[in-house]
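As a plain string of letters, each chain reads:
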Amino acid sequence: MSWGTELWDQYENLSFHTQKGIDFLEKYGQFIRDRCQIEMEYAGKLRRLVKNHQPKKKEEEEYQYSPCRAFKLVMNEVNDLAGQHEVIAENLQTHIIREVGILVKDFKEERKKHLQDGARMMTNLTNQVATLERARKNYEKAFKEAERALDNYQRADADLNLSRLDVEKQRTNMTIKSQQCEDTKNEYANQLQKTNDLQAQHYQNLMPDVFQHLQELDEKRIKNIKNFMTQSVDIERSVFPIINQCLDGILRAADQINEKEDTQMVIERYKSGFLPPGDYQFEDLSAVKSGEAQPMIINNAITSIRPEAMTVKGTMSAGKLKKRVGLFGIFSSNKNNLSPYGENKEDYSDLPPNQRKKKLQQRLEEISAKIQQETAARDGLMKMKGVYEQNPALGDPMSIEGQLNESGHKLDKLRQEQHKFQMYLEEAQDNGASIMNVSPSVPGRRLKSQPSRLINGGGQRHHRHSGGSGGEEESLSRSASDSSVSNPTTNNKQSAPGTPLPLHNPESGLGTSHTSLPDSDEPEPTDIDGNAQPEYYDADQLPALGICRALYPFEATSEGSIPMYDGEELHIIELDQGDGWTRVRRQGDTEEGFVPTSYIECTIFNNS
């Protein structure tokens with residue numbers, strides 16, 4: 001089948017058909033281009049979806065549970081799926097759209113060239129036919145004139161009245177016209193031969209070649225469309241294995257969800273370590289009339305605490321805590337459970353026993369990792385220094401000395417911090433048994449059998465809370481941190497050995513004042529309703545309880561604190577009440593203020 005033989009007379013239709021074929025190829029390329037855009041938009045929306053559902057910083061703790069961890073894995077797989085759709089779009093763009101654009105351009109140029117050749121051939125044939133027609137008309141005209149000249153000569157020759165000259169004139173005209181007729185006849189025959197030859201060549205050789213080229217161009221276009229469709233399928237199928245791996249990853253993530261493990265994790269996360277409150281004892285009112293002694297009702301303070309005031313950790317809601325007012329305004333409001341750096345208490349005494357132990361253990365692990373890292377760095381510096389000493393050309397050994405000193409200071413600080421947290425952990429473990437016996441419903445209650453500590457000063461009394469807690473809603477952290485206040489080695493770097501301290505009662509919920517005596521029996525102050533009042537101190541100059549030495553320099557950044565330099569000795573005028581601050585006074589000066597307890601080494605005077 002050939003267009004040259006079958007469609008020899010359909011030049012215009014073939015021209016129109018090839019143009020429509022190229023237009024269809026362009027339309028297919030636009031379809032693939034739109035498909036790529038959809039794939040890219042879909043991939044972008046998938047990535048945006050994953051980004052929008054990534055856990056926020058405040059939600060990171062919740063993502064330790066297996067469904068949340070699985071969900072994070074699912075989001076990773078969906079993100080990989082988005083990547084595969086981007087791969088599809090990129091491959092379609094590279095291997096199909098680009099090729100379609102090149103082919104369309106080539107096909108248009110090739111079609112234009114073939115059509116120009118065909119138009120030129122048809123013009124040549126048309127011109128030759130026109131020349132033939134002119135030759136024929138010239139021959140026809142010359143033939144008629146020759147016949148007319150012959151007829152005139154015959155009439156003149158038969159007419160006896162004409163002279164010999166007139167007859168000869170007609171005969172000459174006849175001869176000329178006959179010759180002209182013969183010439184035009186030969187020209188007409190010649191043009192006829194040329195026209196027939198050109199026409200035969202035009203329809204048998206020239207135009208079939210043009211049509212054949214157009215046929216090949218159209219077949220090539222159709223074949224390429226077929227290849228593009230097949231290639232687009234191969235491009236999409238090539239990512240199916242990775243998509244299946246993503247889907248398998250989602251299934252594996254789903255299989256990792258373990259409800260029992262999550263249940264145990266919730267227990268470990270929220271378990272306070274307290275025992276449930278004991279039974280209420282029967283109060284026999286008839287025994288009151290008879291004067292018999294009444295047994296204390298167990299957990300009698302629970303009635304004064306509303307259930308909604310308790311948090312999930314077993315402590316009371318921070319919103320119900322009383323503000324610690326008075327001193328310089330640095331221990332007030334929502335900072336009563338925070339360190340001077342805005343973080344949780346250093347010893348985590350504001351947490352329940354179980355949670356406190358976990359936090360301390362985590363902290364010790366972090367410090368141990370830092371010690372190992374710093375030790376490795378110090379060992380590397382030592383090796384480098386040894387190499388420099390053996391070969392001074394490589395470097396100056398003294399240039400490493402400063403780095404070694406800095407590394408040594410870091411290690412010393414880390415070891416001191418490790419020792420401090422080990423003491424905190426030992427304290428938490430030692431006090432665990434006693435705290436386990438305290439009901440979470442009666443945190444830090446003041447027992448009437450324990451005397452309150454008052455300052456025996458004659459000046460004006462100023463109200464002061466102890467560590468941001470007090471009253472019936474005093475935080476559970478007081479009962480957990482009282483023992484650390486009672487032991488100076490816990491809150492201070494170290495104390496003079498063998499020097500007993502005037503300490504407060506761990507169950508009182510308030511720290512010992514600076515002038516309180518261990519054997520003071522002064523009764524607890526109460527208001528009109530008989531409720532316990534907070535402690536007071538004298539506004540006059542307070543006596544020194546001991547001497548402290550600054551282990552690190554400290555810059556006063558908050559109101560009520562005072563700066564100190566490394567090694568400076570100060571008078572202690574008020575012990576740490578569990579909030580991480582100790583009140584001091586400069587030697588030979590009246591300047592007073594608070595400094596971090598962890599920054600000083602204390603020596604308490606022996607009051608015996």
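Each value, and the rule that gives it
- Residues numbered from 1 in each chain as written.
- Predicted model: local features only at pLDDT ≥ 70, side-chain atom pairs only at ≥ 80, totals over all residues.
- Heavy atoms only, no water.
- Helix = DSSP H or I, 4+ residues; strand = E, 2+ residues; numbered from the N terminus.
- Buried < 20%, exposed > 50% of the residue type's maximum accessible area, 1.4 Å probe, protein only.
- Pairing = 2+ DSSP bridges.
- Axes fitted to C-alpha atoms, helices over the stretch in contact; angles between N-to-C directions.
- pLDDT = per-residue confidence, 0-100.
- Contact = heavy atoms within 4.5 Å.
- Salt bridge = Lys/Arg side-chain N within 4 Å of Asp/Glu carboxyl O.

Mapped onto the elements of the fold, Ala-253 is located in helix α5 (residues 240–255). Judged by relative accessible area, which is 1%, Ala-253 ranks as buried. Here the alpha-carbon distance between Ala-253 and Phe-71, two residues 182 residues apart in the chain, equals 7.5 Å.

Across a sheet, strands are paired by hydrogen bonds formed along the backbone, either parallel or antiparallel in direction. Reading across from one edge, β6-β5-β4-β3-β7 is the order of the five strands in this open sheet, with antiparallel pairing throughout. Edge strands, defined here as strands with exactly one partner in the open sheet, are β6 (592–596) and β7 (600–604). Each strand of the sheet is rotated relative to its neighbour by a mean of 40 degrees, with strand direction disregarded. The sheet contact formed by strand β3 (residues 546–550) and β7 spans five bridges and is antiparallel. Across the sheet, the residue bridging to Ile-547 is Thr-603, located in β7.

Chain-level pLDDT for the protein is 74 on average; 72% of the residues reach the 70-or-more range. Residue range residues 293–343 is modelled with pLDDT below 50. Its contacts to residues more than four positions away, or to other chains, number 107 contacts. A low-confidence stretch, residues 435–539 (pLDDT under 50), is modelled with 231 contacts involving residues beyond four sequence positions or located in other chains.

What follows concerns the pattern of salt bridges. Under the criterion given, the structure shown has 26 salt bridges. Across the salt bridge formed by Arg-47 and Glu-86, the nearest N and O atoms sit 2.9 Å from each other. With a gap of 39 residues between them, Arg-47 in helix α2 (residues 11–52) and Glu-86 in helix α3 (residues 66–158) connect regions that are remote in the sequence. Looking at Arg-47, the relative accessible area reads 29%, which means it is partly exposed. Glu-86 gets classed as buried once you look at its relative accessible area, which sits at 19%. We note a salt bridge from Arg-356 to Glu-427, for which the minimum N-O separation is 3.5 Å.

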